[in-house]
Amino acid sequence: MDTVILKEGREKSVLRHHPWIFSGAIREVAGNPGPGETVEVRSARGEFLAHGAYAAESHIPVKLWNFTESEAVDEEFFRKRLASAFALRKTVFHGNLPDAFRLVCAESDGLPGLIADVYGEYAVCQITGAGMERHRGLIGELLLDYAKGVYERSDVDSRTKDGLPPRTGHLAGEPLPDVLEFTENGIRYRVDYLAGHKTGFYLDQRDNRRLVAECAAGAENVLNCFSYTGGFGLAALKGGAKHVLNVDSSEPALACARELAALNGFSPDAFGSKEADVFQFLRSCRDARKSFDLIVLDPPKFAETVSQRERAARAYKDINLLAIKLLNPGGQLFTFSCSGAIDDDLFAKIVDSAASDAHRPLRTVRWLSQGPDHPVLTSFPEGRYLKGLQLVASV
Ligand code: SAH
């Protein structure tokens, strides 16, 4: 096996089981490992530290599989990691697995480069790194222990960092039906896993959608910004809201939202949809002096990297300021950020300063995050990307 030797003193993060090795930490690559090949990682003094997958082109050339010299990275290794990921889901859902859940959450499940979401009897996966790519066929077969068919949606930008082209298609087991159906919090969903975002649905917001349902009783009008296929809006109607307006820049996503409303028996009169840029739409609501009892802001990732943090912070502040101004007295705001580069403290500061600029006394009542099927490995805090706040305006 080829060996990656670290610079003097650069083994510290590996000893803490952080799963990444940055190019700056590497002194030498002994041998000529191919893309995704398993390598040994050793300290400058030659001690074994970890096994990892090698990707010469990436700024993170080694992503670590394990920290045990005697444990081979073979079929048994992947079978065990998947079993452990499944066991965790059974624990966090008290043996009562939801219809749809994230089975594998990459680094956080000890499987860098693999996302696997289960929708009913099927799974949709993403292979995002050169290491996992090498074991693609095996992973497909092993996932058949948890689903009767697996589709691959590896059309993510991050693959290019490892020099991999995008790829989508059937991976293992039975072919999947064109649309996957499941129930979440009593709402029926149909997921377009072939063309939808990510693997088709934002499973990470399951608990927050339930919370919105619980808090929406009595809300006359709800504004669901960045609605995608309407998840938060459907939850609000289910919880007793009278009217929801979904706003998204994607008409196909809104069309799917309308279909889901019909599927769940909600009247089209109660479920509006508007194709618009949320930044502009919020301004037009302000100019028209509209106001809402409950607003959800669940934007896409504004900061892809730390370097984009400041610009992203301004964008978060902009939409939060506008939304706060649109809240009725006693109104509620559910505001989210899925940018890993914006941490909880910074996000809370951004929202606090938006409230201050809006001259609205608001109270933060809940600090929210991703669901328990999106765990965070203690040695990899980067796995915690979703943060949210529930705020209530004074009456
Ligand atoms: N809340 C959703 C997920 C939102 S994903 C759920 O629970 O399922 C983010 C959405 O924002 C995507 O649907 C994308 O089409 C939309 N979007 C991105 N930029 C936008 C913009 N400037 N204005 C309106 N929608 C936008």
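Residues numbered from 1 in each chain as written. Predicted model: local features only at pLDDT ≥ 70, side-chain atom pairs only at ≥ 80, totals over all residues. Heavy atoms only, no water.

Positive phi, normally seen in glycine, also occurs at Phe-226, with a value near 60°. Relative to the assigned elements, Phe-226 resides in the loop between strand E14 (221–225) and helix H7 (231–238). (Helix = DSSP H or I, 4+ residues; strand = E, 2+ residues; numbered from the N terminus.)

The immediate surroundings of the ligand are formed by 15 residues, with Arg-209, Asp-248, Asp-277, Val-278 and Asp-298 found nearest. In the complex, the protein chains occlude 90% of the 580 Å² of accessible area that the ligand would expose alone. Its residues placed into classes, the shell around the ligand shows seven nonpolar, four polar and four charged. (Near = heavy atom within 4 Å. Areas by Shrake-Rupley, 256 points an atom, 1.4 Å probe, with all protein chains shown as cover. Nonpolar A, V, L, I, M, F, W, Y, C, P; charged D, E, K, R; others polar.)

What follows deals with the sheet that holds strand E10 (residues 149–154). Spatial ordering of the open sheet is given by E7-E8-E9-E10-E11, a layout of five strands whose pairing is mixed. Where the open sheet ends on each side, the last strands, each with one partner, are strand E7 (100–105) and strand E11 (167–173). In this sheet, adjacent strand axes meet at a mean angle of 20° when their direction is disregarded. In this structure, E7 lies alongside strand E8 (residues 114–119), joined through five bridges in antiparallel fashion. From the neighbouring strand, Phe-101 faces E8, where its bridge partner is Val-118. Against the sheet, helix H2 (residues 75–92) contacts E7 and E8, and its axis sits at roughly 140° relative to E7. (Pairing = 2+ DSSP bridges. Axes fitted to C-alpha atoms, helices over the stretch in contact; angles between N-to-C directions. Contact = heavy atoms within 4.5 Å.)

If you walk across this open sheet you meet the seven strands as E16-E15-E14-E17-E18-E20-E19, and the pairing is mixed. Looking along the sheet, the strands with just one partner apiece sit at the ends: strand E16 (271–275) and strand E19 (362–369). Pairs of neighbouring strands in the sheet enclose a mean axial angle of 15°, with direction left out of account. Relative to E16, strand E15 (residues 243–248) is paired through five bridges, and the arrangement is parallel. By the bridge assignment for E16, Leu-245 is matched with Gly-272.

Locating Phe-334 in the fold gives a position in strand E18 (residues 327–337). According to the relative accessible area criterion, Phe-334 is buried, its value standing at 0%. Distance from Phe-334 to Leu-391, taken between C-alpha atoms, is 6.6 Å for residues 57 residues apart in sequence. Those residues in contact with Phe-334, other than ones at most four positions away along the chain, are Leu-211, Val-212, Cys-215, Leu-294, Ile-295, Val-296, Leu-297, Leu-368, Leu-389 and Gln-390. (Buried < 20%, exposed > 50% of the residue type's maximum accessible area, 1.4 Å probe, protein only.)

All right, on to the domain arrangement of the protein chain then. Where interface size is quoted, it is often the accessible area lost as the parts come together. Structurally, the protein chain comprises domain 1 (3–66), domain 2 (75–180) and domain 3 (202–393). Each of domain 1 and domain 2 has a C-alpha centre, and these two points are 25 Å apart. With 16 residues of domain 1 at the contact, the number on the domain 2 side is 14 residues. For the pair domain 1 and domain 2, the two sides together bury roughly 1100 Å², of which 60% comes from carbon and sulfur. Counting across the domain 1 and domain 2 interface gives one salt bridge. Measuring nitrogen to oxygen at the nearest pair gives 3.7 Å for the salt bridge that ties Glu-37 to Arg-134. (Domains from an automatic or database assignment. Buried area = accessible area lost by both parts, 1.4 Å probe. Salt bridge = Lys/Arg side-chain N within 4 Å of Asp/Glu carboxyl O.)

Attention shifts here to the packing of aromatic side chains. Summed over all chains, the structure comprises 17 aromatic pairs. Ring centres 5.9 Å apart and planes at 80° place the aromatic pair Tyr-316 and Phe-347 in the edge-to-face group. With a gap of 31 residues between them, Tyr-316 in helix H10 (residues 309–325) and Phe-347 in helix H11 (residues 344–358) connect regions that are remote in the sequence. Take Phe-347: its relative accessible area is 1%, and that puts it in the buried class. Site record: aromatic cluster; members linked through ring pairs are Phe-226, Phe-279, Phe-302, Tyr-316 and Phe-347. (Phe/Tyr/Trp six-rings, centres within 6.5 Å; stacked < 30°, edge-to-face > 60°.)

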